[in-house]
Amino acid sequence: MFKIVFLETFKKIYRNKKNRLIFLLAFLGIILYSFIYLPNLNNPLTIDTDELTLETESAYGMKESRLDSGDIAVNSFTGVDTYSLAKYDYEYNFKYYDALQKGDVSRLLELKSGNGVPLFTQAALKDYAEQKHSGQFLEMDFERMVIESNLSALRDIENPTTHEFNGKTGIQQLYSFFLNYGPLIILFITIFTASEVLVDDRKHHTLKAGQPLGWRKYIFYQSLSVFFIIMSGFAVLLAFFFLLISLLYGFGDFSLANTHYEFNGGYRAGEENFFTEPITAFIMQSLIITAVLVYLFIRLNAALSLVFRHDVIVMIAGFVIVAFNRLYSGGGEDRFLGIGAHLFPQNYFEFGNILSGRQNFLTLSNNFTFETGLIVLTVTIIITEIILGILAGWMTRQKFARQVD
């Protein structure tokens, strides 16, 4: 019987032009992102070679000028003579220039870890953080620490490439997808696709006549079918995304680590609160939470369908639920309605913040974890199942299929 419901549900989803369009747009978005946006993406600590060349030539000219003129007066502030200072600037910048010319990323990382990047690059990083966080100084410090920590992690892999330095490889982009807007994109597509499935039965209610399957069981089978179909669609999209970017920029080193945050005391953005974890562990955890959230929202869509019986209203209600945390507070509070915010499911919809530890940074706690998220979302699913069972008893198949004149 499940096979019959599955095939029926698959036909509904596939034959719906809007569903085909949204998945076609997703494929198109991946292609545009890979060929138009990604080529221009660079690490904020990327050294501008033109500016570095000018700085190097300027330091060399200053050094030679001081040597020719014999002007090696000592600077009263630094205690260093002007010739030695110019000579140091020239040699310092030339090391970076030489490493960049040879494409030696390992040497570049070694120089960075020992001396830091040139001053103009540090200024560029500061400007990047200011533009991204609009004067929120704590988050600016967090952003700088994450970038520098990720850069240091590159030193632990063998022969890092420029694409790995800029975060363009397949494994890094998959990580970036789940870290940033990927969870919201997945949930919006899920709601868009699932909102019409059950409601569509009202247009063809005669097809259900005599079907030897209880109403609750039918809704459950249909939800499972939608889950398998949508997850298969996401698997294809993610595989296409990963393989396309990997063909363009390489698969990346799977042993690469990413930066994670856990508050251990002291200054919130202090170095002691940052550590690294395998990037593959982050991706595996993301896939698990993705599956849990997709199932949760499919069941929520079923419950909303029984209440509203209109696909557009169901879809809007689903979007509001996903966006609730941002609409309510922005997601930075450690308490909600006087209770710990980590006990509410809406804080786990953008799970990239949870798995990276950013939510713990914002709330100055260690309450938001992968394990806690799984427990909270599982309890939410159980509550949703109970509510859905009650609604299915109240909104019977006959009442649900009845057309309102």
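So, here's what we can say about the structure. The residue count restarts for each chain, going from 1 along the sequence in the order it is written. Whole-chain, interface and lining totals are the exception, using all residues; otherwise, since this is a predicted model, local features are given only for residues with pLDDT of at least 70 and side-chain atom pairs are given and counted only at 80 or more. Excluded from the side-chain calculations are hydrogens and water; all other atoms, namely the structure's heavy atoms, are used.

**Here's the deal with the pairing of strand β1 (residues 257–261)**
With five of its five residues buried, β1 lies for the most part within the structure. Of the two faces of β1, both are covered, the one formed by Ala257, Thr259 and Tyr261 as well as the one formed by Asn258 and His260. When DSSP finds at least two bridges between two strands, those strands are taken to pair. Each helix corresponds to a stretch of at least 4 residues labelled H or I by DSSP, and each strand to a stretch of at least 2 residues labelled E; elements are numbered beginning at the N terminus. Bridging between β1 and strand β2 (residues 274–278) involves five bridges; their strand directions are antiparallel. Note that in β2 the partner of alanine 257 across the bridge is proline 278. Partly exposed describes any residue whose relative accessible area lies between the buried limit of under 20% and the exposed limit of over 50%, with all areas from a 1.4 Å probe on protein chains only and scaled to the type maximum.

**Some remarks on the packing of helix α12 (residues 279–308) against helix α16 (residues 370–394)**
Between α12 and α16, the least distance of the axes is 9 Å, while the angle of their chain directions is 20 degrees. By the criterion of interaxial angle, the relationship of α12 to α16 is roughly parallel. Every pair of crossing elements has a handedness; the one defined by α12 and α16 is left-handed. Broken down by class, the residue content of the contact of α12 with α16 amounts to 19 nonpolar, three polar and two charged. A fitted line through C-alpha atoms serves as each axis, taken over the contacting stretch for helices, and the angle formed by two N-to-C directions is quoted from 0 to 180°. In what follows, roughly perpendicular refers to angles from 65 to 115 degrees, roughly parallel to angles under 35, roughly antiparallel to angles over 145, and oblique to any angle outside these ranges. Crossing handedness: left-handed means the near helix sits turned counterclockwise from the far one by under a right angle, and right-handed means the same turn made clockwise. Three categories are distinguished: nonpolar for Ala, Val, Leu, Ile, Met, Phe, Trp, Tyr, Cys and Pro, charged for Asp, Glu, Lys and Arg, and polar for the others, with Gly belonging to the last.

**A few points about the environment of leucine 256**
Checked against the element boundaries, leucine 256 lands in the loop between α11 (215–249) and β1. Owing to a relative accessible area of 5%, leucine 256 belongs among the buried residues under this scheme. Counting along the chain gives 103 residues from leucine 256 to alanine 153, while the straight-line C-alpha distance between them is 7.0 Å. Contact between two residues is taken to exist if any of their heavy atoms lie within 4.5 Å; hydrogens are not considered. The contact partners of leucine 256, leaving out residues within four places of it in the chain, are Ala153, Leu154, Ile157, Gln172, Pro278 and Ile279.

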